[in-house]
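Reading the structure
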Amino acid sequence: MALTETAIAMECNGDEEGGEADVITNACVLGAFGETDDARDLLSSLPEVHGVMMTAEAATNKYLDIMNRYQEQPHLLDPHLEWMLNMILDYIRSEKSPPSLVHLSFRFLYIICKVRGYKKFMQLFPHEVSDVQPVLDLLSRQDPKDTGIWETRYMLLLWLSMTCLIPFDLSRLDGHLEADCGHARESTMDRILAVAKSYLMVRDSSRFAAAVLVSKFMTRLDVTQKRLGDFLDWSLTTISQTDELSVTNSAVLESTLQSLANLFKHGKRDDLLQYAPTVLQCLEGKHLSDSSVTTLRKLRVKLIQRLCLTFLKPRVAKWRYQRGSRSLAENLSMSQSATAVDALTPEMETQELEEDYDIPEEVETVIEQLLLGLKDKETIVRWSAAKGIGRVTGRLPKELADEVVGSVLDCFGFQETDHGGCLALAELGRRGLLLPSRLTDVVPLIVKSLIYEEKRGSHSVGSNVRDAACYVCWSFARAYEPKELEPFVSQIASALLITTVFDRNVNCRRAASAAFQENVGRQGTFPHGIDIVTAADYFAVGLINNCYLKISVFVASFPEYTKDMIDHLVAMKINHWKSEIRVLATKALHNLTPQAPNYMATTVLPQLLPMALGFDLHGRHGAILACAEITHALFKLGAQTNRPVLDFISTECVEALKNIHSALLDKKQYRGFGGELMRPAVCMLIEKLSLSKMPFKDDPVISGWQWLIDDTLKVLHLISTGARDGVLASALSALSALCEEYYHIQPGQADPHIQEVLVSQYIAGLKSPVMFTRCGSALALGCLPRFMIHNKLQQILEGLQRTCNVPVKEASLTESRRDAVTAMAQVCVKVGVCAHGSADSVLCSENVADVYAALLDSICDYTTDSRGDVGAWVREAAMTSLKNVTMLVASSAPQILSVDIVKMMMCCLAQQAAEIIDRFRAHAGNVFLSLLHSTEPAVPHIPHREELLSIFPVETVTSLNWKAPSQAFPYITQLLSLPQYQHHTLLGLTSSVGGISESTGEFSAQSLFHYLKGIQQNGAELAQLGDTLLSIFRDHLRNDRVCIPFLNMLDQMLANSCFEMFTTQENHQFCVDLLDLCKVVRRSKNVSKLRACIAVFCGLIQFQGDVRKEVLIQLLMLLCHPYPVVRKVAAGQMYEMLLTYDDVIDPEVLDDVVTLLSDTDWGSDIDTVRTHKNQLRDWLQIPKPQDVMESKAT
């Protein structure tokens, strides 16, 4: 429950609170109201901004932003409330203020009131006698149906509530009630009552302010005597005759109930007692407890508890438990023995018994209804009922109060009742109404509630119960003396720590931590409290991994808590419905094993083994994982003293561990959904038992384990997408550990038969038509230990290289290529490098070229499907593999790295570092820099190493953010000045500059144009860049992935006059060649390609000579293209081109040409379009070409 957890955290952590996305963090960062000048300026500007809606809204929003910063610390506004209120009231009281200014002023008042709270803020309103009539008149003039100015009505009602506190009879304000025309005027009392009634019937928030008005107005002595009965009759009639079926009626009921609750809260008991039975009877007849509206049920509970308090005389129960010292500082400074305790004494008890309590019959009915309210399905109703139980019990005799406590204890058993019961116990304890004699019954229920969780469908409930139980423990720390709680310290401390460390909900962990801290500070009897509070504070328990894997180990190091924590994990967490919790619980058991190894081996492990074969799927899954983790932890513990694991685990347990797989297989529990949990669990068991060196060599169970691993790799395609990666990783880890422990005949030498079978089997799996079988087989080859690859390396590499190829029919098998690339690097790293070694055993001069060829081919994989650029997965894996293999070779045999290999690798990495996708660009850039700056070992033959080091200093390895285009591309474009990198870098920039990403395109284009501007006066460099552009264009002329963004990039380059040097020469070769290539593109049927080509044609018009005439011919041909959209684009681009380059055609016909281009419907039929095109040809004096496309269209 948010209310309790916030209260606990704020109380216990004070100004030290903070954390991720937590309100308590923000509550403690401000020291004072720091926007005084801004607020004053905004309030002063109201007369200027009120008339225009936009400026008024802007000012309102700015003021709202300022005030909202103090939502969690509204008290900081207190010194400034008066001057803000006075400034705004000046506008309201001024007769010159137009209505719009008045309403805007009230809106600003409401903003302040919302942040500070109406109870505090309304006290600042002026409430002299002279204020009554003006406020009442202004409120009477408001239209209750105007939804745009409800803030005005809300604040006026609050102001009127304050004016009702004047200590004079309201009749003194009326004077002579006869009007000039002889009719009696309405009295002030009647006017206020009418206003209150009318606003109780509206739907907006004004009705809540009207309820406040009722509580202030009706409790006046003069009004109580004259109008209280009539108002209660009206209220009860409204309640009886109004149903809750409509939103309007429900709002009326809410406001009426709220006004009655406020009235019975603030009114005098003597005035209201005679009406209380009638009101209670009306509520019982309305049956609001069955209402579907939560607010109505809550208000009913609030009202009946106020009625009950009216029935009971206001008194403080003398039998209540009172703790003498409430100050934490005093509690810490004085010893327990010296603490003053004003507890219940026999004399008080006798006096209490002698008192005559007159308990009306209605009280029993109300208490019964409040107890039912504790079971409501909504938290706000249960919380209100709990507070009511506490208030009412405090006025009852001891015997009746004890019966109420007993009834509260009987509530426990279900989620809603447990939550309401915990809240009620906390309220009773906080008020001293839960006597120490009851703690024996209460503490076991609270301890049980601290770990309460109930699964419902695909989720669980109970976090609110656990949070409320923490609230109870927190309240007990303040309510009782240490000697009263001392018998229960062990139970409460262990339960709170278990919740602090192992609860799934972060709010519950923090609430438990706060409750434990409160008990440590106020009780001083919790074992090792200070040490634990320091380690398990509000911040530390925010991350669940930190709780399970680190804090739990620290807490368990204290013997008082060790076994309780282990038992909780075994009983509650390894069978948890959420998989992540089960996994964390088993890892926690692994970490806790050194704290109690004998207990784990002799008690916990035998307890888990039957669960590993039980019927509950989650329990079975968690038990198998726990058995694996505990066994491995015992092995590591024994290894420290050279003791085998069998010294800890009994023979019966070893046999049971060995038989888990066969038992599950016999029960067919590897199938279906359960198999997705059982397979990785047993694979982990295989891995841990292998790592623990269990004596199973040559045992038949090994073949069974191998069968499970192989079968898992074969059925990966049948496993759900979310679980597949985890299942595969578990199987591979199990295979690696199994081979290391059981498949060698002597250290470093594999069993030949098993080696042949496994390698052949996985190589055959690389040819499977099922993609995930290929993935599993490739990664299985990659995880084999070195001695299993020995003498099989060439065979394995050939199989993986074949898988890396991209035949057209297998283009969709992207994941298998990715995993084959990864596996190839893993195999190479495991076998090592020897320049003159055997190609079948190590990476050497004979096979290194083939490995790099496969990896460099993979780095150019641009396969796409419905998921997008899936080839990027292969490219990413190839970059990682290139880095790993290169570092390996450079460290052992750098002489086998040829110049061509290193050059191609660095160029490909440069290309990837210039491309459009941020993630893969960053990966490529990091690999590029790591190879460039590697010194041990240093990578040989890197082209332009010195220039690269000047471009990329060593600090860029850590400082350069490759994912940010604004940072990356200024470095990338500098590679264009290096001849050997120019082609690949420009090819990579093509997708960035001409791609669809706006931000990447903007920054990459800026960097490219900046570089081009720097070489404008260098004809040789510009010509070389032009040749590189033409080379890329020729190579990818029919590759739309490159050609379209290339044309877009070229269009931008032409538009930015990047080739201005060439425009001074007629028929420059670059322009001629580019035009010829664009002519080829013009024949394409791809509309996007044609759009980009048209833009390039228009850019080429700036060049002199025959190129210009040829461009006009091509554009005229496109004006008669078969596709109407192409014709429209061509006409539009040509129109803009002629306006930009006005020297292209004769000025005498320019107006006619542009008019024809703009006015003609180029989407009409081809015959009409051809007529207009011929007219343009005549005006432009272009001879008729042999138009193949026109003839086809004809």
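Before any of the text, the structure's been laid out above.
All figures in this text were calculated on a predicted structure; none of them were measured in a lab.

Remarks on the overall build of the protein chain
- Per the secondary structure count, the protein chain includes 62 helices and 4 strands.
- Its C-alpha atoms give the protein chain a radius of gyration of 42 Å, clearly above 32 Å, the size a compact globule of 1194 residues would have.
- Within the protein chain, the fraction of its 1194 residues that count as buried is 55%.
- Within the protein chain, residue pairs in contact and separated by at least 24 positions form 72% of the contacts whose partners lie at least 6 positions apart.
- With the model as given, the accessible surface of the protein chain reaches about 50,800 Å², and the carbon-plus-sulfur share is 51%.
- Side-chain charges of the protein chain comprise 113 positive and 142 negative groups, with the mean position of each set lying 3 Å from the other.

Brief notes about the nonpolar core
- Ranked by internal contacts, the top residues of the largest apolar core, which has 400 residues, are Phe 125 and Phe 1059.
- Excluding residues within four positions of it along the chain, Phe 1059 makes contact with Leu 1022, Leu 1029, Leu 1050, Met 1053, Leu 1054, Phe 1070 and Phe 1103.

Some remarks on helix α9 (residues 132-140)
- Of the positions making up α9, those classed as buried are Val 132, Val 135, Leu 136, Leu 138 and Leu 139. The buried residues of α9 occupy one face: seen down the axis, they fall within an arc of 165°.
- Structurally, α9 contributes buried residues whose contacts are with α6 (78-93), α7 (99-116), α10 (150-163) and α11 (188-200).

Digging into the packing of helix α17 (residues 294-311) against helix α21 (residues 379-393)
- Look at α17 against α21: their axes get within 9 Å of each other, and the N-to-C directions meet at 5°. Comparing their axes, α21 and α17 come out roughly parallel. Across the interface between the two elements, Thr 294, Arg 297, Lys 298, Val 301, Lys 302, Gln 305, Arg 306, Cys 308 and Leu 309 from α17 touch Ile 380, Val 381, Ser 384, Ala 385, Lys 387, Gly 388, Arg 391 and Val 392 from α21.
- Here the contact of α17 with α21 is built from residues that sort into 7 nonpolar, 4 polar and 6 charged.

Looking at the packing of aromatic side chains
- Applying the stated criterion across every chain, the model contains 25 aromatic pairs.
- Between Phe 928 and Phe 952, the aromatic rings sit 5.9 Å apart at their centres with planes inclined by 65°, giving edge-to-face as the arrangement. Here Phe 952 lies in the loop between α48 (945-951) and α49 (956-959) and Phe 928 lies in helix α47 (residues 918-932), a separation of 24 residues in the sequence.
- One aromatic cluster is present, formed by Phe 928, Phe 952, Trp 962, Tyr 971 and Tyr 981 through successive ring pairs.
- Cation over ring: Arg 724 sits above Phe 772, and NZ or CZ is 3.9 Å from the ring centre.
- The ring of Tyr 862 has Arg 1041 lying over it, and the distance from NZ or CZ to the ring centre is 3.7 Å.

Some remarks on the environment of Ile 1044
- Assignment of secondary structure puts Ile 1044 in helix α54 (residues 1040-1055).
- Between the C-alpha atom of Ile 1044 and that of Leu 283, which follows or precedes it by 761 residues, the distance is 75 Å.
- Residues in contact with Ile 1044, not counting those within four places in the same chain, are Asn 1086, Ser 1088, Lys 1089 and Ala 1092.

Looking at empty space enclosed by the protein
- Within the structure shown, the criterion is met by 4 cavities of 30 Å³ or more.
- Of the volumes computed, that of the largest cavity is approximately 90 Å³.
- Along its surface, the largest cavity is lined by 13 residues, and Arg 466, Phe 502, Asp 503, His 568 and Lys 573 are the ones closest to its centre.
- Among the elements of the structure, α27 (489-502) and α31 (559-573) are those that each provide at least two residues to the lining of the largest cavity.
- Residue contributions to the lining of the largest cavity peak at 3 residues, all from α27.
- Within the lining of the largest cavity, the residues separate by chemical class into 5 nonpolar, 3 polar and 5 charged.

So, a negative patch on the surface
- Residues Glu 361, Glu 364, Glu 368, Glu 399 and Glu 403 make up a contiguous surface patch of negative charge.
- Breaking the negative patch down by element, the ones donating at least two residues are α20 (361-373) and α22 (398-410).
- The biggest single contributor to the negative patch is α20, with 3 residues.
- Residue position: Glu 361 is located in helix α20.
- For Glu 361, a relative accessible area of 70% corresponds to the exposed category.

A few points about the pattern of salt bridges
- Taken as a whole and judged by the stated rule, the model has 38 salt bridges.
- Taking the shortest distance from any N to any O, the salt bridge between Asp 503 and Arg 466 comes out at 2.4 Å. Of this pair, Asp 503 sits in the loop between α27 and α28 (506-522) while Arg 466 sits in helix α25 (residues 463-479), and the two are 37 residues apart along the sequence.
- Judged by relative accessible area, which is 5%, Asp 503 ranks as buried.
- A salt bridge links Lys 658 to Asp 699, with the nearest nitrogen and oxygen atoms 3.3 Å apart. In this pair, Lys 658 sits in helix α35 (residues 651-666) while Asp 699 sits in the loop between α36 (672-691) and α37 (700-714), placing the two residues 41 residues apart along the sequence.

Topic: the packing of helix α44 (residues 848-858) against helix α46 (residues 899-913)
- At a minimum axis separation of 11 Å, α44 and α46 run at an interaxial angle of 20°. The angle between the axes of α44 and α46 places the two elements in the roughly parallel class. Classified by chirality, the crossing of α46 by α44 is left-handed. Here α44 contributes Ala 849, Tyr 852 and Leu 856 to the contact with α46, which in turn contributes Ile 901, Met 904, Met 905 and Cys 908.
- Residues of the contact of α44 with α46, tallied by class, amount to 7 nonpolar, no polar and no charged.

Some points on unusual backbone geometry
- Look at the link from Glu 936 to Pro 937: it is a cis peptide, with omega at 5°.
- For Pro 937, the position within the fold is in the loop between α47 and α48.
- Phi is positive for Asn 791, which is not a glycine, with a value near 70°.
- Structurally, Asn 791 can be placed in the loop between α41 (786-789) and α42 (793-804).
- One non-glycine residue, His 941, adopts positive backbone phi at about 65°.
- Secondary-structure assignment places His 941 in the loop between α47 and α48.

Brief notes about α11
- When the terminal C-alpha atoms of α11 are compared, their 18 Å separation across 13 residues agrees well with the 18 Å that a helix rising 1.5 Å per residue should span.
- Among all positions in α11, only Thr 188, Met 189, Arg 191, Ile 192, Leu 193, Val 195, Ala 196, Tyr 199 and Leu 200 are buried.
- Of the surrounding secondary structure, the elements contacted by the buried residues of α11 are α9, α10, α12 (206-217), α13 (221-241) and α14 (247-266).

A look at the layout of surface pockets
- By volume, the largest pocket amounts to about 630 Å³.
- Contributing to the lining of the largest pocket are 26 residues, with Tyr 118, Lys 119, Val 212, Gln 258 and Asn 262 lying nearest its centre.
- Counting residues per element, the ones that place at least two in the lining of the largest pocket are α8 (118-121), α10, α12, α14, α17 and α21.
- The biggest single contributor to the lining of the largest pocket is α17, with 6 residues.
- Each residue belonging to the lining of the largest pocket can be placed in one class, and the counts come to 10 nonpolar, 8 polar and 8 charged.

What about the environment of Ser 161?
- Looking at where Ser 161 falls in the secondary structure, it is placed in helix α10.
- Separated by 1000 residues in the primary sequence, Ser 161 and Asp 1161 place their C-alpha atoms 72 Å from one another.
- Apart from residues lying up to four places away in sequence, Ser 161 is in contact with Met 122, Ala 209, Val 212, Leu 213 and Lys 216.
- At 2.7 Å, the side chain of Ser 161 and the backbone oxygen of Leu 157 are in polar contact.

Points about the side chain of Asp 204
- Note on placement: Asp 204 falls in the loop between α11 and α12.
- Here Arg 153 takes part through its side chain, which lies 2.7 Å from a polar atom of the side chain of Asp 204.

Some details on the state of the cysteines
- According to the stated counting rule, one finds 0 disulfides in the structure shown.
- There is no disulfide at Cys 1120, and the cysteine sulfur nearest it, in Cys 1098, is 16 Å away.

Conventions we followed
- Residues numbered from 1 in each chain as written.
- Predicted model: local features only at pLDDT ≥ 70, side-chain atom pairs only at ≥ 80, totals over all residues.
- Heavy atoms only, no water.
- Helix = DSSP H or I, 4+ residues; strand = E, 2+ residues; numbered from the N terminus.
- Rg over C-alpha atoms; globule rule 2.2 N^0.38 Å.
- Buried < 20%, exposed > 50% of the residue type's maximum accessible area, 1.4 Å probe, protein only.
- Contact = heavy atoms within 4.5 Å.
- Areas by Shrake-Rupley, 256 points an atom, 1.4 Å probe, with all protein chains shown as cover.
- Lys, Arg positive; Asp, Glu negative; His and termini not counted.
- Charge placed at Lys NZ, Arg CZ, Asp CG, Glu CD.
- Core = buried A, V, L, I, M, F, W, Y, C linked by side-chain atoms within 4.5 Å.
- Arc of directions from axis to C-beta.
- Axes fitted to C-alpha atoms, helices over the stretch in contact; angles between N-to-C directions.
- Parallel < 35°, antiparallel > 145°, perpendicular 65-115°, else oblique.
- Nonpolar A, V, L, I, M, F, W, Y, C, P; charged D, E, K, R; others polar.
- Phe/Tyr/Trp six-rings, centres within 6.5 Å; stacked < 30°, edge-to-face > 60°.
- Lys NZ or Arg CZ within 6 Å of the ring centre and 35° of its normal.
- 1 Å grid on protein atoms, 1.4 Å probe; cavity = no way out; pocket = protein on both sides within 12 Å on 5 of 7 lines; lining within 4 Å.
- Points joined across faces, edges and corners; volume = space filled by probe spheres on them.
- Patch = residues over 30% accessible without salt bridge, like charges linked within 9 Å, V, L, I, M, F, W, Y side chains within 5 Å.
- Salt bridge = Lys/Arg side-chain N within 4 Å of Asp/Glu carboxyl O.
- Left-handed = near helix turned anticlockwise from the far one by under 90°.
- Expected span 1.5 Å × (residues − 1).
- Polar contact = N/O pair within 3.5 Å; in protein donor to acceptor, adjacent residues only side chain to side chain.
- Disulfide = S-S within 2.5 Å.

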